[in-house]
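Architecture and fold: a report
These are the residues of each chain, in order.
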Amino acid sequence: MKLPWKAGKPLSTKDWKDYRKRVLLDCRDCGIEPQDYFNLARFPLLIEREEWLTVTRHAERLAKEALAAEQELIIRPELHEELGLPSAVRGVLRECSRKERPRGSARITRSDFHFTPGGWQISEVNVDFLGGFIEASSFTELMAPYFPGFSPPPNLAAAYARAIRNAVGEDGLIGIVRWPPISRFRDIKCVAREIRRQGMRLVRLRPGQISWRSDYAEFADSRALGKPDLLIRFYNADWLLRLHRRSQWAPWFCGGRTRMSNPASCMLTQSKRFPLVWDKLRTPMSAWRLLLPDTRDPSEVSAASEKEWVFKSLYGMGGKEVAIAGVTEVVAYQRMLRHARRDPAGWVAQRQFESVAVLTPQGPRHICLGVYTVDGHAVGAYTRMTPKPLVDNHAQNVAVLIRSNWRG
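Summarised in this report is the structure supplied together with it. Since we're looking at a predicted model, the values are computed, not measured.

What to know about the packing of helix α5 (residues 156–168) against helix α6 (residues 186–197)
Think of two packed helices as two axes; the pair is described by the angle between the axes and how far apart they sit. Contact geometry for α5 and α6: axes closest at 9 Å, N-to-C directions at 55 degrees. One element, α5, and the other, α6, form an angle in the oblique class. α5 and α6 meet at a crossing whose hand is right-handed. Contacts between α5 and α6 involve Ala157, Ala158, Tyr160, Ala161 and Ile164 from the former and Cys190, Val191, Glu194 and Ile195 from the latter. In terms of residue class, the contact of α5 with α6 is made up of 8 nonpolar, no polar and 1 charged.

See below:
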């Protein structure tokens, strides 16, 4: 079988030391520490130009369909319970009309691709809070000079900041809203740096520091002058409900007139149960049907065929709450399977696909190629690898480089 990629040679001791020094210097204001290198491969993954163009076209189609489906689903309340949305969110969306849809700008997605004997498939498309900015920017860009004939994908953080500037102008005031436990998250610092480089102003906030007046966001802290021109939410949409007052979180879903990079209405398509409503949508889902494995309610899977399916919780991310027979640790697998059987509305069953491992200097590795889009255009990649066919938060980061005859 011809693979679309191969592992490059590991950097020499001298080059590896030089690369680490360059990353640390370039990312000194992004919170990078020397110990962060333990999770970065010493070699890149080299992908053929035509294969890169193939996955980027797929990613753009997936993003376009997801956004169209989100806009339809906002006004299809009869489908919200089937998607597994919390009752409080369903109540807000029932009040939402076309004019009250949140103003989305600089919309960002990441489609997670895997290579199988039948070609490319995806495990999911992330449309909510995303990570991987720094890996898809400086880490990858700075690897390219050591491999003549290959180029990095576009810098994700720079492309994202340009899209924000296009939406609000060079002097725009951007509010980054983050949950306190991830206040030092290096992706936030990476995005903040690029926003400043693009000439915009920035305020970092906790969720409770945003108030809404006449449906426009305001800074609750009087020391912050002006109103934000755009909000970036650096935490999962389902966490919004931890804000006790509905007036604080409801405008993120419906009615908020301040631009948002990632409106909370994305929960509609972030739900793992999204495929279960496709047949009821007017929006064509041809790219999703082609690339996402068959997805069903767990109650439709017989006990005899359980090992043919992957069980996923509704809003799990980073490989958490994913049960794969023979891959997930036995006790954890049995626990998650029991939960899926007891509460099928909170889980889905996705038919397993065979991930083709790549031979690397570290041995065979299964690859997840995360391709980002910003406003529908493919811009960068966050690539991870593991010895087992489950790419989770223990995966190792690896830079992906493209043959240089590619022109973006």
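Regarding the packing of helix α3 (residues 87–94) against helix α7 (residues 246–253)
One can describe the packing of α3 onto α7 by two numbers: an axis separation of 10 Å at closest approach and a directional angle of 65 degrees. Classified by chirality, the crossing of α7 by α3 is right-handed. Across from Ala88, Val89, Val92 and Leu93 in α3, the residues of α7 making contact are Arg246, Trp249, Ala250 and Phe253. The residue inventory of the contact of α3 with α7, partitioned by class, reads 7 nonpolar, no polar and 1 charged.

Points about the state of the cysteines
By the definition in use, this model includes 1 disulfide. Note on cysteine 368: no disulfide assigned, nearest cysteine sulfur contributed by cysteine 266 at a separation of 19 Å. With a relative accessible area of 2%, cysteine 368 lands in the buried category.

Side note on the pairing of strand β10 (residues 230–234)
The buried fraction of β10 amounts to 5 of the 5 residues, a majority that puts the element mostly inside the structure. Here β10 shows a buried face lined by Leu230, Ile232 and Phe234 and a second buried face lined by Leu231 and Arg233. Sheet topology places strand β6 (residues 173–178) next to β10; 5 bridges connect them, and they run parallel. Directly across from glycine 175, in β10, lies its bridge partner leucine 231. In this sheet, strand β11 (residues 259–260) lies alongside β10 in parallel orientation, the contact comprising 2 bridges. Paired with leucine 231 across the strands is methionine 260, a residue of β11. Note that the unit made of β10, α7 and β11 has a crossover that is right-handed.

About the thresholds
Residues numbered from 1 in each chain as written. Predicted model: local features only at pLDDT ≥ 70, side-chain atom pairs only at ≥ 80, totals over all residues. Heavy atoms only, no water. Axes fitted to C-alpha atoms, helices over the stretch in contact; angles between N-to-C directions. Helix = DSSP H or I, 4+ residues; strand = E, 2+ residues; numbered from the N terminus. Parallel < 35°, antiparallel > 145°, perpendicular 65-115°, else oblique. Left-handed = near helix turned anticlockwise from the far one by under 90°. Contact = heavy atoms within 4.5 Å. Nonpolar A, V, L, I, M, F, W, Y, C, P; charged D, E, K, R; others polar. Disulfide = S-S within 2.5 Å. Buried < 20%, exposed > 50% of the residue type's maximum accessible area, 1.4 Å probe, protein only. Pairing = 2+ DSSP bridges. Right-handed = clockwise from strand over helix to strand, strands pointing away.

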